[in-house]
Amino acid sequence: MMRFLRRQGWVAGLLALLVFLFVVTKLIQPGYGSGDFGSLARAVLPYAFAVAAQTVVVIAGGIDLSVAAMMALTSVTAASMMNGASEEYAYFVVPFVLAMGLVLGALNGLLIVVTRVPDIVVTLATLFVLQGAALLVLDAPGGAAAEWLKATVVGTMPIPGLPDWADAWVPKALVLLLVCLFVIWIPLRRSRLGLSIYAIGSNELAAFRSGVPVARTRIVAYALSGLFAALGGLSLTISTGIGAPIPGPYLLASVAAVVLGGVALGGGKGGLLGPIIAVFVLRLVRTDLTLLAIDPNVTAIIEGAIMVAVVMFGAFITIRGRPAGATP
Amino acid sequence: MTTNELPNNTLLDATGVAKNYGAVSALRDASLSVLPGEVHALMGANGAGKSTLVKILTGAIPADAGRILIRGEARDVRSPAAARRAGLLPVYQEPALIPDLDVLCNLRLTGTPVEPFRAWVRELGIPNLDIRETARDIPLAVLRVLDLARALAVEPDVLLLDEMTAALPANLAEKVLEVVRRQGDSGRSVIFISHRFVEISALCDRATVLRDGATVGVVDIEPGVEEKIVEMMLGARIEKTSVAAARTASEAPVVKDSHPRLSVRNLQLGTKLHDVSFDLANGEVAGVVALEGQGQDELFAALAGSIRPAGGTIAVDGAPVKFFHPSDAIQAGLAYVPGDRTEALAMQRSVRENIALPFSAALRKWGPIKVRREHMVVSSAIARLQIDTRAQGEVQRLSGGNQQKVTIARWIAADARTILCFDPTRGIDVGTKQEIYKLLRELAGLGKSVLFYTSELEEVQRVCDRVIVIFGGRVVDTFPVELADEPALMRAAYGLPRGARADVGILADVRPTSDAETAP
Amino acid sequence: MTNSATMPQPVSLGRRLKRFMADRPLIPLIILLVILVLILQVLRPGIVNERWIANTAKFAIPLAILAGCQTMTMLTGGIDLSVGTVATMSAFIMATQIVNQDPTVAFILAMLPAVLIGLVNGVGVGVFRVHPLIMTLGTSLIGTGFLQVYQRTVIASGAKIPDFLNWLGTGLTYGFPNALFLFVPVAVLIVFTLNRTGFGRLLYAVGDNERAARLSGVRYWQVITALYVISSLLAGITGLLYIGLIKAPSLSLAEPLVLPSVAAAVIGGTSIFGGRGGYMGTIVGALILTVLTTLLTILHMPEGGRRILFGFIVLFVTAAYLRIIEDR
Amino acid sequence: SAEGKYTIGISNTVQGNGWREEMICAMKAQALASGEVAKLNIAHRNTDAAGQLEDIRNLISAKVNAIVVNPADPAGIKAGLEEATKAGIVVVAVDQAVTEPSAYIISNNQEQYAYLGAKWLFQQMGGKGEVLYMRGAAGASADSDRDKGFKKALAEFPDVKVAQEVFTGWQQDQAKQQILSFLATGTPINGIWTSGIDNVIVDALVEQQAPMVPVVGADNAGFVGQLNTVKGLVGAAVTNPGSIGGAGVSLALQILDGKKPAQQTVLVEPQLWENVTEEGKAKLKAAADPSLSPEWPVSISIPDWTTYTKEQIVACKGPGE
Ligand SMILES: Nc1ncnc2c1ncn2[C@@H]1O[C@H](COP(=O)(O)OP(=O)(O)OP(=O)(O)O)[C@@H](O)[C@H]1O
Ligand SMILES: Nc1ncnc2c1ncn2[C@@H]1O[C@H](COP(=O)(O)OP(=O)(O)OP(=O)(O)O)[C@@H](O)[C@H]1O
Ligand SMILES: [Mg+2]
Ligand SMILES: [Mg+2]
């Protein structure tokens, strides 16, 4: 139990913060209800996938600056393929785009492994490349999405055995998010591959000496990141019904949420749950600021201050919590 | 004594192995041949290339040249995973567990069976290991043992141990030796690297000696062979520095001041230190002797200003001091040399910058550097410690022993009045060790004082004037060096009253004991 | 028992050349720069003239100074993403305050936010141990927020570019851009600081092994705080120079320089993991990026293609450079 | 103030650009001047269509009476606008059209903007020669609308060729760097069309002592000033008023008060002010306003649609501030 708290303390704290924010929201706007929660879930969707994409590579000791550009490219690809196509065609588009994310992500990893250029530089370069490719696919926002796809994030999910009022609090967007993330993540984390990802992030040399195929693992981590980013891109197309070639603000948001979520930027530590909760926290703060009709200029200050303050607080408690007898 | 008739059932046979790092050749022409069931020592002075050879044999780095036969078949071991498959398992000098994973996940990562692992851990003298503990939180010595247990659990044909015992306290080292001996007896081979002759003679059947990257000979271990090995290891470099010589260098009278240089009273720190009190005089080398984890780490950290004690006082030259940061301790003339050199060195910077680092630390020294003066001071420190500066552009290219010298040279250059040395001879060769002993005595002769923790008990008699024994976070005994023979130290270190008959195995006794145990 | 030691192989010319360049990492960078200029000259004969050189220098200088901020922070294993915001703030405040204030007062007011942001960054990174990426991102969000609020208070009074900055930003003396009067001293100062002062030493030492530095008596927070204040001050000065060049105070004036400034430092051979690098390489890196931008403008290419090319070139340059200096 | 009865939500997705800032200020000033608005709830930040959807949904949660939106994309926020209408909220899009049929639109005609300016420019060039085409941000919908207008004009002048097409990203510094490196190549051109990043272009021509060619830009204060003062500069400013935001608020209030317009879409047609004819010069003189930020369009009001004063828009304060 103590160990659980020590290891998951940050996530537990974030969860408490989230609950607190929900209470605050309800106080600000007594009418805040299940429909509004559904809106929140839909807003969270692309961010959550972006953050998942970032989390995997950060755990593997890297960073992926191309997340947002990858989302843009997959989004415009999906939107332009579905433009004017039949509803059924989307059954082909979705796996195609996911595979594309996987392959492009793997390419990122391959470039890092082969060129031995630091991750941050390689992904900065691919950021430009992917952005350029997105512009070649669609030079202006456009395209379309199949109706059945759009329906996957609208409304709620009836869960057998739950009363209607409870069903109303289970938006489809949330279910989709959790299913996509955890179908990939949970089996992975427990597998040898998942451990290898943690291992190369924690100590690459030790991992290599433990027989971990470092290069292959790194490529897999980036491929997964690409897959998550493709899911993010798809979710953008699904929620807006179009594809936009200029990347949204997902890069910075993903890095911020990763750190807020308790994943060390050095790699090797943390999980996916923390960053996802962090995304909810950040989105809900945004909602609250809108509900309070705070001056938009002040909003930027508050958002920045929260980010800095929470991370500083986290740093502060780790400094305080460091055992007294740390070896010299 | 050089065994020339090679039986053709060699398990591992490496010939002509070479490895270059840029202009420096780490290995030129190394060969090694290991028989089944043999414990084979790999010996050589610092920089001879032992670690490099181990890394090449286990696929951690590629060789530039050479041929490796495993059971007579040519194998190209390209990665540690491939080496595992070929039955070669190393325990490198650096812990190989992933710091952020717990022990169980570490086992899963390498596909190591858990139950045999647990059995080996118990066997190796750690009865209550929590395998959900994160590796980062486990003390270094235990980590080393876990590394070994992990290797043993997959029952390798050849176990390669690179200075396995260097960082271990005597009690754990003893267990390791016992287990290694039995590996040999049960038909498996072990390649054993150590700078401690007592271990080699207790354990090994044969030894391959490396010098300057080339194999200079293979010898059978038999009584009296040590001299021969030392000769082979050091070659022309041989230089007899006897214990007596080192000590006489500083028979200068110990200046008895009214105030001791350092005076520690009732030092208290969590569960680690209780009521530690002792004095350190000017011109004195005081040895600290303790088993692993008796609070010596914390004691040195507190004196170095790295951590703050919960209670008690520290006085320097009679004036009470409080350290909030290592710079406070340095200000008071207390310099700390950690045992782990990766903790003390900026590995990508030059030897010169590393030595000169303390000069720039204070805010008012941030300005332009007086290059000429710095050069002079640094060069004299380098010369004094005889640092091999062939690869001085980056400290990481130096061999382990030379790196260790740099950590000490820094404080010689800074002219620190008191040096806190934490196991400075960990894993360095006999020649270099002698140099360090001599240096410490010379420092004492100049009126400086040294607090010297060592995990090798025989060093105490060579270097120290007085011994402080710590057990369970308390000073249990203090006695002059004349009384500090190894059995006495051992008894004291185990917290037994002086004079009582010890019921503990002493390193030299390992061999007969284990033989008796494994006899059918 | 084995064959005698092998004779040292005669070293081939290629290897010797490679080793020569590896020991002087600036040379391959300069060669690369020359190649780029030659390509430019081939594509547009006559382009490389006095005027073009002056222009290139003008645009490379602000980038090079900001890349200097990145170089110094990267040496300690950090990064300063707030330089864009700081430069913009200083520029905007200068341009709006000069209308009603004495130039000296305006200058002090313009540098004030730079000092403040630097201080907050330094304390956050040095004392609270917040990851520099997050810290500087957070302060740049906060800074942007404040700038937005400030902007509204000065809409009525308008903006003006002081003549002096005009002269500095765009003027020429004997064909040399006046910006050199600022840049040369700044560059000399940075190079001198890094190589020949205690502070410079500490930057390298802290970035290489913080614990070792600590055990040598170095107070991390002092070094880091001073570093980020210096970085911010340099960014502020760059802002003033840049406004003299662009002459249009906007709220995102220097933002587009941030990622290129990181790229310039990396191309110039500074390790983002700390402990290795220098400023001379960075200057050449900034020049390479500037020439590259011109090259891409001149190639008749759709925007998408240009970005793709830019990405690949950044990647290729860094990889090639790493190859050359690899086994020093 | 307590007298107003409505809460109006505003959503905008580009921040820190003079044009958009003016639009927001016009919205605030108009809300204040109308006296009908109790509170403005402004979501004003840099984001994409998905982010704008989030903002719109937050505004729905905040239970505003009307939402005035400058869409990040015409189609991309359809779902959110539809939800707003369903919740009984009046939706007005400004600056660009939206595909949601229930929304009202009051917009500058971007295609016409480009067509008008380009046509004038090509006439000035005598119907032949090379034009430097400096576009906005690649991928933005306003940019692609303008591209249509530009291409339409180009089709009418077969002898005019595009010497170079560049994207300025609507960033002053990028535009300046691009024009300087272009000028340095010595490629002859006969005219420059810009997508509203104009004053830095003129600056560059002056600094480099390059031959002055006709320049078309927007009615930004800086450029209008240059058209009046820079010697030898021939050029035209096409209006693209940021004050369209104020008109959006007016339209929303009219609808809330029950006065629905006859059509869902109201287009504000751009005007062209050139410095060649006396009439044009007079218009430019009248429009010039050196007290404004050079990035702000000088058309700070739209007749029939906005009722605030210049002081009010410059003060940039909404109700209750
Ligand atoms: N990366 C490197 N670059 C340059 N030289 C190196 C490098 N690694 C090792 N060397 C050199 O190769 C030689 C052999 O090094 P090695 O570390 O194998 O010696 P060793 O036998 O383990 O010695 P020690 O006992 O001191 O550790 C040393 O002189 C060292 O300076
Ligand atoms: N691939 C490599 N690249 C760079 N440096 C290397 C590489 N391989 C080894 N080295 C360097 O060479 C040295 C080789 O390790 P070394 O044998 O000296 O270890 P050690 O811990 O000093 O061993 P010992 O116990 O013998 O002292 C290390 O300091 C390491 O930094
Ligand atoms: Mg070794
Ligand atoms: Mg070694």
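Quick summary incoming for the structure in this document. Since we're looking at a predicted model, the values are computed, not measured.

1. A word on the overall build of chain C
- In terms of regular secondary structure, chain C is built from 14 helices and two strands.
- Once the C-alpha set of chain C is aligned to its principal axes, its extents read approximately 90 × 60 × 40 Å.
- The proportion of buried residues among the 328 residues of chain C is 61%.
- Of the contacts made within chain C by residues no fewer than 6 positions apart, 77% connect residues no fewer than 24 positions apart.
- Put simply, chain C shows about 12,300 Å² of open surface, and 70% of that area lies on carbon and sulfur atoms.
- If the 22 positive side-chain charges of chain C are averaged to one point and the 11 negative ones to another, these points end up 5 Å apart.

2. Brief notes about the interface of chain A and chain B
- Taken together, the contacts link 26 residues of chain A with 35 residues of chain B.
- Buried area between chain A and chain B, both sides added, is near 2,400 Å², and the carbon and sulfur share of it is 55%.
- On the surface where chain A and chain B come into contact, there are one salt bridge.
- Where B:Asp100 meets A:Lys269, a salt bridge forms, and the shortest distance between an N and an O atom there is 3.6 Å.
- The interface formed by chain A and chain B contains four residue pairs in polar contact (both at pLDDT 80 or more).
- When grouped by side-chain class, the residues that make up the side of chain A that touches chain B number ten nonpolar, nine polar and seven charged.

3. Examining the sheet that holds strand β17 (residues 418-422) of chain B
Residue and element names in this part refer to chain B.
- The six strands are arranged β16-β17-β18-β13-β19-β20 in an open sheet whose pairing can be described as mixed. Looking at which strands have only one partner, the edges of the open sheet turn out to be β16 (334-337) and β20 (474-480). When the angles between neighbouring strand axes are averaged without regard to direction, this sheet yields 20°.
- In the sheet, β16 pairs with β17 via four bridges, with the strands oriented parallel. By the bridge assignment for β17, Ala335 is matched with Ile419.
- The strands touched by helix α14 (residues 400-413) are β16 and β17; relative to β16, the strand with the most contacts, the crossing angle is about 175°.
- Strands in contact with helix α17 (residues 486-493) are β13 (285-289), β19 (466-471) and β20; relative to β19, the strand with the most contacts, it is inclined by about 30°.

4. Thoughts on a nonpolar patch on the surface
- Among the surface-exposed residues, C:Ile31, C:Ile35, C:Ile39 and C:Leu43 lie close enough to one another that they form a single nonpolar patch of about 320 Å² accessible area.
- Considering the arrangement of structural elements, one finds C:Leu43 in helix α2 (residues 26-43).

5. Focus on unusual backbone geometry
- One non-glycine residue with positive phi stands out, namely C:Arg129, at about 60°.
- As for its position among the elements, C:Arg129 is in the loop between α5 (103-126) and α6 (132-153).
- Classification of C:Arg129 as partly exposed rests on a relative accessible area of 38%.
- If you check the backbone angles, D:Asp95 has positive phi at about 75° while not being a glycine.
- One can find D:Asp95 in the loop between β4 (90-94) and β5 (104-108).
- On the accessibility criterion, D:Asp95 (4% relative accessible area) is buried.

6. As for the interface of chain C and chain B
- Between chain C and chain B, the residue contacts involve 32 residues of the former and 41 residues of the latter.
- Buried surface at the junction of chain C and chain B, summed over both partners, amounts to about 3,200 Å²; 54% is from carbon and sulfur atoms.
- The tally of links between chain C and chain B comes to five salt bridges.
- The partner of B:Glu343 in a salt bridge is C:Arg211, and the shortest N-O contact between them spans 3.6 Å.
- Of all elements in the fold, only α8 (179-196), α9 (198-208), α10 (210-215) and α11 (220-246) of chain C reach the threshold of two or more residues within the side of chain C that touches chain B.
- The class makeup of the residues in the side of chain C that touches chain B is 13 nonpolar, eleven polar and eight charged.

7. Quick word on the site of ligand 1
Residue and element names in this part refer to chain B.
- Close to ligand 1 lie 18 residues; Asn46, Gly47, Gly49, Thr52 and Arg397 are nearest.
- A distance of 2.5 Å is found between an oxygen atom of ligand 1 and a backbone nitrogen or oxygen belonging to Gly49.
- Measuring from an oxygen atom of ligand 1, one finds a side-chain N or O atom of Ser51 at 3.0 Å.
- Against a free-state accessible area of 640 Å², the protein chains account for coverage of 86% of ligand 1.
- Those elements that place two or more of their residues in the shell around ligand 1 are β2 (24-34), α1 (50-57) and α14.
- Looking at which element gives the most residues to the shell around ligand 1, the answer is α1, with three residues.
- Its residues placed into classes, the shell around ligand 1 shows six nonpolar, nine polar and three charged.
- Three or more residues apiece are contributed to the shell around ligand 1 by two domains, here domain 1 (7-238) and domain 3 (344-416).

8. What about the site of ligand 2?
All names here are of chain B.
- Near ligand 2 there are 13 residues, and of these Tyr21, Ser51, Gln93, Glu163 and Gly400 occur at the shortest range.
- One of the side-chain N or O atoms of Arg341 is found 3.0 Å from an oxygen atom in ligand 2.
- Gln403 places a side-chain nitrogen or oxygen 3.2 Å from an oxygen atom of ligand 2.
- When the free accessible area of ligand 2 is taken as 620 Å², the share hidden by the protein chains comes to 67%.

9. Remarks on the environment of C:Ile93
Residues and elements named next belong to chain C.
- The topology assignment puts Ile93 in helix α4 (residues 83-97).
- Its relative accessible area of 10% is what places Ile93 among the buried residues.
- Between the C-alpha atoms of Ile93 and Pro249, which are 156 residues apart in sequence, the distance is 8.9 Å.
- Among residues more than four places away in sequence, those in contact with Ile93 are Ile98, Leu109, Ala110, Pro113 and Tyr150.

10. Focus on the state of the cysteines
Residues and elements named next belong to chain D.
- A full pass over the atoms with the stated rule returns one disulfide over all chains.
- Across the disulfide, Cys25 is cross-linked to Cys316 (sulfur-sulfur distance 2.0 Å). Its torsion about the S-S bond being -90°, the disulfide of Cys25 and Cys316 is classed as left-handed. Of the two residues, Cys25 sits in helix α1 (residues 18-34) while Cys316 sits in the segment after α11 (310-315), which places them 291 residues apart along the sequence. Taken as a pair, Cys25 and Cys316 share a single burial class, namely buried.

11. Observations concerning the nonpolar core
- Within the largest apolar cluster, 267 residues are counted, with the highest numbers of intra-cluster contacts made by A:Phe228, C:Leu289, D:Ile192 and D:Ile313.
- In terms of residue count, helix α2 (residues 34-59) of chain A provides more of this core than any other element does, 16 residues in total.
- Viewed by domain, this core spans two of them, domain 1 (7-238) and domain 3 (344-416) of chain B, each represented by three or more residues.
- Not counting residues within four places of it along the chain, the set of residues in contact with C:Leu289 comprises C:Leu63, C:Pro260, C:Ala263, C:Ala264, C:Ile267, C:Phe310 and C:Val314.

12. A closer look at a positive patch on the surface
Residues and elements named next belong to chain B.
- A contiguous patch of positive charge, built from Arg364, Lys365, Lys370 and Arg373, is present on the exposed surface.
- Of note, Arg364 is situated in the loop between α12 (351-356) and α13 (371-385).
- Judged by relative accessible area, which is 64%, Arg364 ranks as exposed.

Conventions adopted
Residues numbered from 1 in each chain as written. Chains lettered and ligands numbered in written order. Predicted model: local features only at pLDDT ≥ 70, side-chain atom pairs only at ≥ 80, totals over all residues. Heavy atoms only, no water. Helix = DSSP H or I, 4+ residues; strand = E, 2+ residues; numbered from the N terminus. Buried < 20%, exposed > 50% of the residue type's maximum accessible area, 1.4 Å probe, protein only. Contact = heavy atoms within 4.5 Å. Areas by Shrake-Rupley, 256 points an atom, 1.4 Å probe, with all protein chains shown as cover. Lys, Arg positive; Asp, Glu negative; His and termini not counted. Charge placed at Lys NZ, Arg CZ, Asp CG, Glu CD. Buried area = accessible area lost by both parts, 1.4 Å probe. Salt bridge = Lys/Arg side-chain N within 4 Å of Asp/Glu carboxyl O. Polar contact = N/O pair within 3.5 Å; in protein donor to acceptor, adjacent residues only side chain to side chain. Nonpolar A, V, L, I, M, F, W, Y, C, P; charged D, E, K, R; others polar. Pairing = 2+ DSSP bridges. Axes fitted to C-alpha atoms, helices over the stretch in contact; angles between N-to-C directions. Patch = residues over 30% accessible without salt bridge, like charges linked within 9 Å, V, L, I, M, F, W, Y side chains within 5 Å. Near = heavy atom within 4 Å. Domains from an automatic or database assignment. Disulfide = S-S within 2.5 Å. Core = buried A, V, L, I, M, F, W, Y, C linked by side-chain atoms within 4.5 Å.

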